[in-house]
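Examination of the molecular architecture
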Amino acid sequence: QPKVDVRSGRMVGAEALLRWKHPELGQVSPAEFIPVAESSGMILPIGEWVLRTATRQLQEWMQAGYGLTMAVNLSLVQFRQADLVQRIGAILDEADLPAHYLELELTEGVAMTDPEGAIAIMDKLHQRGILLSIDDFGTGYSSLSYLKRFKVYKVKIDQTFVRDITTDPDDEAITATVITMAHSLGLDVIAEGVETPEQLDYLREQKCDEVQGNLISPPLDPER
Ligand code: C2E
Ligand code: CA
Ligand code: CA
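Residues numbered from 1 in each chain as written. Chains lettered and ligands numbered in written order. Predicted model: local features only at pLDDT ≥ 70, side-chain atom pairs only at ≥ 80, totals over all residues. Heavy atoms only, no water.

Notes on empty space enclosed by the protein
In total, this model carries 1 cavity of 30 Å³ or more according to the counting rule given. Its volume calculated, the largest cavity comes out at about 60 Å³. Looking at the largest cavity, the residues that line it are L44, G47, E48, L51, Q78, Q81, L84, R87, I88 and I91. Listed by contribution, the elements that provide at least two residues to the lining of the largest cavity are α2 (43–63) and α4 (84–95). The residue makeup of the lining of the largest cavity, split by class, is 5 nonpolar, 3 polar and 2 charged. (1 Å grid on protein atoms, 1.4 Å probe; cavity = no way out; pocket = protein on both sides within 12 Å on 5 of 7 lines; lining within 4 Å. Points joined across faces, edges and corners; volume = space filled by probe spheres on them. Helix = DSSP H or I, 4+ residues; strand = E, 2+ residues; numbered from the N terminus. Nonpolar A, V, L, I, M, F, W, Y, C, P; charged D, E, K, R; others polar.)

A short note on the coordination of the calcium ion (ligand 2)
For the calcium ion (ligand 2), every protein donor is listed as E15 (OE), N73 (OD1), E105 (OE) and D135 (OD), and the spread of their distances is 2.2 to 2.3 Å. Counting residues between consecutive donors of the calcium ion (ligand 2) along the chain gives the motif E-x57-N-x31-E-x29-D. Here the calcium ion (ligand 3) and the calcium ion (ligand 2) are spaced 5.7 Å from one another. Remark: N73 occurs in strand β5 (residues 69–73) and E15 occurs in strand β2 (residues 11–16); sequence separation between them is 58 residues. (Donors = N, O, S within 2.8 Å, 3.2 Å for Na, K, Ca; no water.)

Details of helix α10 (residues 197–205)
Among the residues making up α10, those that are buried are Q199, L200, Y202 and L203. Summarising the axial view, the buried residues of α10 lie within an arc of 160 degrees, below the 170-degree limit, and thus occupy one face. The inward-facing, buried residues of α10 contact α8 (159–162), α9 (169–184), β9 (188–191) and β10 (210–211). (Buried < 20%, exposed > 50% of the residue type's maximum accessible area, 1.4 Å probe, protein only. Arc of directions from axis to C-beta. Contact = heavy atoms within 4.5 Å.)

Here's the deal with the coordination of the calcium ion (ligand 3)
Here the calcium ion (ligand 3) is held by the protein donor atoms D136 (OD), D158 (OD) and E192 (OE), which lie 2.0 to 2.5 Å from it. Classification of D136 as partly exposed rests on a relative accessible area of 24%.

Points about unusual backbone geometry
For D136, which is not glycine, the phi dihedral falls at a positive 55 degrees. Examined against the element boundaries, D136 turns out to sit in strand β7 (residues 131–137).

Quick look at the pairing of β9
Note: strand β8 (residues 154–157) against β9, 4 bridges, orientation parallel. Bridge assignment links V155 to a residue of β9, and that residue is V189. Pairing analysis gives 2 bridges linking β9 to β10, with the strands arranged parallel. Looking across to β10, one finds that I190 is bridged to E210. At this point the chain moves from β9, through α10, to the parallel β10, and the crossover so formed is right-handed. (Pairing = 2+ DSSP bridges. Right-handed = clockwise from strand over helix to strand, strands pointing away.)

Describing the site of ligand 1
Taken together, 20 residues lie around ligand 1, and Q1, R19, S75, E195 and N214 are the ones closest in. Note that an oxygen atom of ligand 1 is positioned 3.4 Å from one of the side-chain N or O atoms of E15. A distance of 2.5 Å separates a nitrogen atom of ligand 1 from a polar atom in the side chain of E195. A total of 800 Å² of accessible area belongs to ligand 1 in isolation, and the protein chains cover 80% of it. Mapped by element, the contributors of at least two residues to the shell around ligand 1 are α1 (30–40) and β7. Its residues assigned to classes, the shell around ligand 1 comprises 7 nonpolar, 7 polar and 6 charged. (Near = heavy atom within 4 Å. Polar contact = N/O pair within 3.5 Å; in protein donor to acceptor, adjacent residues only side chain to side chain. Areas by Shrake-Rupley, 256 points an atom, 1.4 Å probe, with all protein chains shown as cover.)

Set out below in structure tokens:
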């Protein structure tokens, strides 16, 4: 799914969203199969395949002249792999891609389960030049004192807040506050699930940096 810079209106990146077409079940939602893959351990080979496929795709786009970043969702199980940094490093080398074109989206749960351990892993990924962001921000449990120490450069406001920003004063306040807080900490902000021009107008007014959502484009096959 494309990510767009609010000020310029240009596509600046993409988020890799996994799709599974089952021969009998048809399209199975990642919301259904990712949890199963996580509990069975299958998420490790699947996650590695996603990283490899996404970086290869990005390399193709770069060669075609498009300068974009590629964001990949990372599960807790993947994040806790002992050799994560080496594995991702090898995938980047294989795709001949500079590390700062890859962004890993970590949920609050991934970051806040053993935050000290998470800081150590984030430091290593950061040293390798890989970008990190906090996904679904505001839906889980986040310690602000840890947020300060995480090597993230961006937070993503969850679509549950974005959905009602033009109708629910509470969601409007939460969104505006998250943007202000993130900017004060020197972080960029992206909003997901943007579906209406009114939502985009509000986010622009609040100086949100980037948006993604069906208003701009739903998730697409890479060719499209
Ligand atoms: P997420 O990371 O929060 O991704 C955003 C979800 O919102 C995606 O659902 C996306 O298709 C959907 N979306 C995008 N624009 C809009 C919009 O305007 N309105 C609405 N209502 N929804 C929108 P999707 O693709 O079904 O993925 C669901 C979740 O599955 C993701 O949530 C992510 O947590 C997980 N997921 C997807 N791909 C991967 C993957 O490769 N690895 C891992 N670990 N998790 C993945
Ligand atoms: Ca995500
Ligand atoms: Ca979300």
